[in-house]
Amino acid sequence: MGPDFARPTPPPATRYTRDTLQAEDASKGDSVQHMALGREIEGNWWTLFQSDAIDSVVKQALENNRSLAASVAALAQAQEFALARAGSQYPQVNLTAGAGRLQYGKEFLGPIGIPPFTYFAVAPSVSYTLDYTGGVRRGVEQQYALAEVEQHQRDATYLTVTGQAVMQTLVIASIRAQIDTVETILVQDRDNLQLVQSAFDNGSVAREDVVSAQSQIANDMTLLPPLRQDLARARHALSVVLGRAPASRLPDDVDLAKITLPLTVPVSLPSELAHRRPDILAAEARLHAATSAVGVAQSNLYPKIQLSASVAQQSLKADQLFDRASNAWSIISGLTAPIFDGGTLRAERRAAVDAMRASAASYEQTVLEAFAQVADLLEGLEHDAQQLDAQDHAQQAAQSSLELARISYKEGNAGVLQVLDAERSYQQARLGYVRAVAQRYLDTVQLFLALGGTSPTVSLGAGVSQPPPSRRETAQLRREPADVL
């Protein structure tokens, strides 16, 4: 009963973005990121950053993260529920045994008197639901599909944990680089103060110039507390990912300059993305479960046939329990057919069909959102490269301007305000460059995650990452595929 599940066809898209990106041109040179459209990620995606420190952090996260452990346990539970539901397809065999002593009264036998007696009985019994409508099998198929949902949710948690481990490591490295930049700027501020103080001592500048230089140092000092707070927050977030308390010791901070930016970024095709992203596959499994639920609801409209049989040994003496004269048996068939239910069963079937259509629409929406997310990140990396190039030019120009301003100040051709203005411009350009570098790393990580990352098979072990029984058990349940959309 009900429609057979057919795997939905992804939207017929061959690209993520409408226009060709400059990063798709492999002839740009070795220093420019290249988007290799149609290539798959080989190995674990985070190894593309060629950082032993990142590899170590991810390994610790996979071993100790609590959310991932909970997701693995939830998957195991769902698989056991599916196996338990699968047992309903087979005959159920039970064994009962008993011994007792009875005295029947007048209410039961009337004037006939039977003296008290002792009895012994052993009785195996078999019951079986004749699944001629396939409702039981559809219920099993539905449970296996729900177990598959848990598998893909486990994969999504795995992707989130690995992504958070790398992201927080990069955020810490980025903030450390910004703190180092501000501290370098403060060193330059103190050099400026010494320069102005020397000129003031020689009587060539006024006291206001010294105060302005001191004010510049005070203003730049205000940049450090927010950065240090961000650094503490990032370290606390990393400790949670690693399954540790915030007060515990964390891996040493990674130098951003020692992390290699992947210059060749594998980007799977849209048609392949729909078969690898955990959220898309989970939506597909939910559609499978909803499709099976239609079959269950439809089978409920038909009579149910129950078959049962028992063979018993009943005796008044224990030593005669297994004699042929003690045999007792029964064969029973039962039929229950819905006659009038106020439209309940048909309403439930219509509701199941509506749920199937809703699941189909949700699947399509999930696919479209995934495509849009990848497109955003591809465009973002394109703009990150442009931003980094612009910040590099701005930094070089600001540094040259600052050097010229200091020379002019020493020669008495410029005032201290020009030096301070040039220093502010250099400060903004330098911090902007560091942030642009970090943003490029972070957007690259986000792109790997949006593309579905890599399979958790190797990292989590084959025993955990094997596909749920739905792939094996429901294959025999599927007839010719039908379009359920």
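Everything discussed here concerns the structure shown above.
Calculation criteria
Per-chain numbering applies: the sequence of each chain, read as written, is numbered from 1 onward. Note on the predicted model: pLDDT of at least 70 is required for a residue's local features to be given, and 80 or more for side-chain atom pairs to be given and counted; whole-chain, interface and lining totals, by contrast, use all residues. As a rule here, side-chain values come from all non-hydrogen atoms in the structure, and water together with hydrogens is ignored. Put simply, buried Ala, Val, Leu, Ile, Met, Phe, Trp, Tyr and Cys residues joined by side-chain atoms within 4.5 Å make one nonpolar core. Accessibility here uses a 1.4 Å probe with only protein chains present; expressed as a share of the type maximum, an area under 20% marks a residue as buried, one over 50% as exposed, and anything in between as partly exposed. In this description a helix means any DSSP run of H or I spanning at least four residues, a strand means any run of E spanning at least two, and both kinds are numbered starting from the N terminus. All axes here are fitted lines through C-alpha atoms, helices being fitted over the stretch that makes contact, and every angle between N-to-C directions spans 0 to 180 degrees. To sort the angles, those under 35 degrees are grouped as roughly parallel, those over 145 as roughly antiparallel, those from 65 to 115 as roughly perpendicular, and the leftovers as oblique. In this classification, Asp, Glu, Lys and Arg are treated as charged, Ala, Val, Leu, Ile, Met, Phe, Trp, Tyr, Cys and Pro as nonpolar, and every other residue, Gly included, as polar. A helix is expected to span 1.5 Å for every residue after the first. We call two residues contacting when some pair of their heavy atoms lies within 4.5 Å.

1. A word on the nonpolar core
Soluble globular proteins tend to pack their nonpolar side chains together in the buried interior.
Here's step 1: Tyr16, Trp45, Leu170 and Leu447 are the most contacted members of the largest nonpolar core, which totals 67 residues.
Here's step 2: Looking at this core, the elements with two or more residues in it are helix H1 (52-64), helix H4 (135-201), helix H6 (224-241), strand S4 (264-267), helix H8 (278-299), helix H9 (344-410) and helix H10 (416-450).
Here's step 3: Top element by residues in this core is H4. It accounts for 13 residues.
Here's step 4: By size, the runner-up hydrophobic cluster in this structure holds 15 residues, among which are Ala213, Leu402, Tyr409 and Tyr426.

2. As for the packing of H4 against H10
Here's step 1: It is the contact of H4 with H10, at a shortest axis distance of 10 Å, that shows an interaxial angle of 170°. Here H4 is positioned roughly antiparallel relative to H10, judged by the angle of their axes.
Here's step 2: Looking at the contact of H4 with H10 residue by residue, the classes come out as 19 nonpolar, eight polar and four charged.

3. Observations regarding H6
Here's step 1: In a regular helix each residue adds 1.5 Å, so 18 residues correspond to 26 Å; H6 covers 26 Å between its end C-alpha atoms and thus fits that length.
Here's step 2: Each element contacted by the buried residues of H6 is listed here: H1, H4 and helix H5 (207-221).
Here's step 3: The positive-phi residue at the C-terminal boundary of H6 is Gly243, with phi of around 75°.

4. Observations regarding unusual backbone geometry
Here's step 1: Of note in this structure, Gln50 is not a glycine but carries a positive phi near 50°.
Here's step 2: With respect to the helices and strands, the residue Gln50 is situated in the loop between strand S1 (34-37) and H1.

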